[in-house]
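One letter stands for each residue in the lines below.
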Amino acid sequence: RCSVVIMAGGSGERFWPYSRKEKPKQFLPVAGEGTLLQQAVRRARLLVPWSNIYIVTGCQYLGLVREQVPDLPPENLLVEPVGRDTAPCIALAASLLKARDPGTVMVVLPSDHMILDEKRFAEAIRDAVAVAKETKGLVTIGIRPTRPETGYGYIHVGPISRVEMGRALRVRKFTEKPDLETAMAFLASGEYLWNSGMFVWEVRAIQDALERYLPELACGMRPIAEAVGTASFDAVLAGHFPRLPRISIDYGVMEKADNVWAVPGDFGWDDLGTWTALERVAGKDADGNLVQGQAVLVDTRETIIRSDSGKLVVTFGLKDTLVVETPDVLLVADKKRAQDLKAVLNELRRQG
Ligand code: GDD
Ligand code: MG
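Structural notes, computed from the coordinates. (Residues numbered from 1 in each chain as written. Chains lettered and ligands numbered in written order. Predicted model: local features only at pLDDT ≥ 70, side-chain atom pairs only at ≥ 80, totals over all residues. Heavy atoms only, no water.)

### A word on the overall build of the chain
Defined as follows: Helix and strand definitions follow DSSP, with helices as H or I runs of at least four residues and strands as E runs of at least two, each counted in order from the N terminus. For a compact globule the rule gives 2.2 Å times the number of residues to the power 0.38, and the radius of gyration it is set against comes from C-alpha atoms. Only protein chains enter the accessibility calculation, which uses a 1.4 Å probe; a residue whose area is less than 20% of its type maximum is buried, one above 50% is exposed, and one in between is partly exposed. By definition, residues are in contact when any of their heavy atoms lie within 4.5 Å. All accessible-area figures derive from a Shrake-Rupley calculation using a 1.4 Å probe, and residue coverage is judged against the displayed protein chains alone. Residues scored as charged are limited to Lys and Arg (positive) and Asp and Glu (negative), so that His and the chain ends carry no count. A single reference atom marks each charge: NZ on Lys, CZ on Arg, CG on Asp, CD on Glu.
Secondary structure assignment for the chain yields 11 helices and 18 strands. The C-alpha atoms of the chain give 21 Å as radius of gyration, which agrees with the globular expectation for 352 residues (20 Å, within 12%). Judged by the C-alpha coordinates and their principal axes, the chain covers about 60 × 50 × 40 Å. Classification of the 352 residues of the chain by burial places 54% in the buried group. Long-range pairs, those at least 24 residues apart, make up 67% of the contacts in the chain between residues at least 6 apart in sequence. For the chain, the computed accessible surface area is about 15800 Å², with 51% contributed by carbon and sulfur atoms. Computing the positive centroid from 44 side-chain charges and the negative centroid from 45, the chain places the two 2 Å apart.

### Focus on the pairing of strand E17 (residues 321–325)
On any regular strand, side chains alternate: one points to one face of the sheet, the next to the other face. Condition: In short, DSSP must find at least two bridges between two strands for them to pair.
Summarising burial for E17: 5 of the 5 residues are buried, a large majority. Judged by which residues are buried, E17 turns out to be covered on both faces: Thr-321, Val-323 and Glu-325 on one side and Leu-322 and Val-324 on the other are all buried. One ladder, built from 4 bridges, connects strand E15 (residues 304–307) with E17; its direction is parallel. Pairing of Arg-306 across the sheet is with Val-324, part of E17.

### A word on the pairing of strand E2 (residues 53–58)
Inclusion rule: The path from the first strand over the helix to the second decides the hand: if it runs clockwise while the strands point away from the viewer, the crossover is right-handed.
Buried residues dominate E2, accounting for 6 of its 6 residues. Burial along E2 is two-sided: the residues Ile-53, Ile-55 and Thr-57 and Tyr-54, Val-56 and Gly-58 are all buried. Alignment of strand E1 (residues 2–7) against E2, held across 4 bridges, turns out to be parallel. Paired with Ile-6 across the strands is Ile-55, a residue of E2. Bridging between E2 and strand E3 (residues 77–80) involves 4 bridges; their strand directions are parallel. By the bridge assignment, Ile-55 is partnered in E3 with Leu-77. Taken together, E2, helix H2 (residues 62–68) and E3 constitute a β-α-β crossover, and its handedness is right-handed.

### Let's talk about the site of ligand 1
Cut-off, in case you're wondering: Note on terminology: near, applied to a residue and a molecule or strand, indicates that one of the residue's heavy atoms is within 4 Å of it. Pairing of N or O atoms within 3.5 Å defines a polar contact, subject to two protein rules: one partner must be a possible hydrogen donor and the other a possible acceptor, and residues neighboring in sequence count only if both atoms are side-chain atoms. Points on a 1 Å grid over protein atoms alone make up a cavity when a 1.4 Å probe fits among them but cannot get out, and a pocket when they form an open set with protein on both sides within 12 Å along at least five of seven lines; lining residues each have an atom within 4 Å of a point. A pocket or cavity is taken to hold a molecule when more than half of that molecule's atoms are within 2 Å of the pocket's grid points. Throughout this entry, Asp, Glu, Lys and Arg are counted as charged residues, while Ala, Val, Leu, Ile, Met, Phe, Trp, Tyr, Cys and Pro are counted as nonpolar. The remaining residues, Gly among them, count as polar.
Taken together, 27 residues lie near ligand 1, and Glu-176, Lys-177, Asn-195, Asp-250 and Asp-271 sit nearest. Gly-9 is positioned such that a nitrogen or oxygen atom in its backbone is 2.9 Å from a nitrogen atom of ligand 1. Contact with the protein chains removes 88% of the 730 Å² of surface that ligand 1 exposes when unbound. More than half of the atoms of ligand 1 fall within 2 Å of the grid points belonging to the largest pocket. Of all the secondary-structure elements, those providing two or more residues to the shell around ligand 1 are E2, helix H3 (86–100) and strand E10 (192–202). Considering each element in turn, the shell around ligand 1 owes the most residues, 3 residues, to E10. A class-by-class count of the residues in the shell around ligand 1 yields 7 nonpolar, 12 polar and 8 charged.

### Some points on unusual backbone geometry
Cis geometry is found at the peptide bond from Trp-16 to Pro-17, where omega equals 0°. Within the secondary structure, Pro-17 sits in the loop between E1 and helix H1 (36–47). We note that Asp-85 has phi near 75°; this positive angle belongs to a residue other than glycine. Relative to the elements of secondary structure, Asp-85 occurs in the loop between E3 and H3. Since its relative accessible area comes to 39%, Asp-85 is described here as partly exposed. Even without a glycine there, the phi angle at Glu-302 is positive, about 50°. Its location among the elements puts Glu-302 in the loop between strand E14 (295–298) and E15. Among the residues examined, Glu-302 registers a relative accessible area of 27% and is labelled partly exposed.

### Description of the layout of surface pockets
For the record, the criterion: Grid points are joined across faces, edges and corners, and a volume is the space filled by probe spheres set on the points.
The volume enclosed by the largest pocket comes to roughly 1400 Å³. What lines the largest pocket is a set of 47 residues, among which Gly-10, Asp-85, Thr-86, Asp-112 and Lys-177 lie closest to the centre. Looking at the lining of the largest pocket, the elements with two or more residues in it are E2, H3, E10, helix H9 (249–254) and helix H11 (341–350). It is E10 that contributes the most residues to the lining of the largest pocket, 4 residues altogether.

Pasting the structure below:
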């Protein structure tokens with residue numbers, strides 16, 4: 001028996017200007033069929049019935065979730081008054097499940113991923129559910145790293161051999177978002193997996209871990225947990241949730257816990273963290289260009305073009321460039337610097 005909790009309240013800044021504060025990437029059709037959130041829900045449906053699917057999002061995204069996932073039972077939509085990152089999001093979902101279905105195994109899924117092989121994904125989650133029950137530990141799905149990505153968590157599991165795929169590995173150490181030098185060393189050692197950001201645990205196990213490693217959060221959650229199912233729930237949530245510490249589950253719990261397990265998964269996974277990630281999942285033409293929308297390319301190579309404004313984009317003599325055309329913003333950037341798009345946003349904010 002398990003419940004799937006989909007986290008859908010992040011702001012997805014690196015996909016700017018396609019992804020905006022008002023409509024972050026999980027609500028957009030980035031690649032594949034439907035929006036990323038709809039794809040996450042479809043995968044959840046492979047695992048459990050509608051009654052066991054929960055979505056946690058911010059109040060500003062309530063309309064988008066209802067519109068994109070009309071079949072979600074209304075009582076399974078959890079709305080945060082303000083986003084406090086993933087630890088409070090998970091704590092909130094755990095409190096609700098504790099009241100409704102305390103024995104359930106909680107499967108926590110992000111809403112901003114691309115997965116190519118859904119069948120193998122479902123198998124990996126089922127393996128992880130079994131491991132969570134058996135070990136009473138915190139289980140994550142680990143992905144074999146292919147590049148020194150600094151935007152992910154790394155899990156040290158020791159030498160990884162092929163036969164171990166699918167079997168649970170004890171996690172020796174969890175390191176969230178290392179610097180480039182460290183990420184390169186991790187990759188070279190062959191002893192690390194990426195944290196996919198998908199977690200599986202019993203409600204009891206995550207609540208114990210939150211008590212132990214984030215006592216301030218656990219304590220702040222108590223009045224909210226006590227109000228679950230009562231008429232005053234919304235008011236208590238609005239009063240207490242914004243005061244919870246802002247921290248991700250990775251820094252707050254996974255880096256500190258000593259009962260972490262990884263189930264290696266191999267199902268064509270991508271976080272779609274930046275524009276260049278699209279090249280790994282969407283088709284490119286013979287010149288290495290990736291085009292979404294209306295465009296005519298002349299003498300153009302290795303360029304990403306996305307146009308949503310209806311305007312025809314024409315390029316001539318470009319290489320390694322990123323062109324994103326939206327109704328109100330046109331971004332033209334060096335593709336190699338797509339990782340650093342946050343710097344552009346910071347500069348824009350500074351200039352007001
Ligand atoms: N409800 C809610 N509230 N959801 C949130 C919030 C919040 O405050 N903050 C983030 N989320 C959602 C995002 O929408 C996303 O689906 C998921 O939680 C993960 O958050 P990200 O902000 O995208 O995390 P990340 O990508 O930097 O890092 C995590 O994922 C990586 C893999 O994609 C970590 O778990 C890393 O260790 C991991 O490698
Ligand atoms: Mg992410």
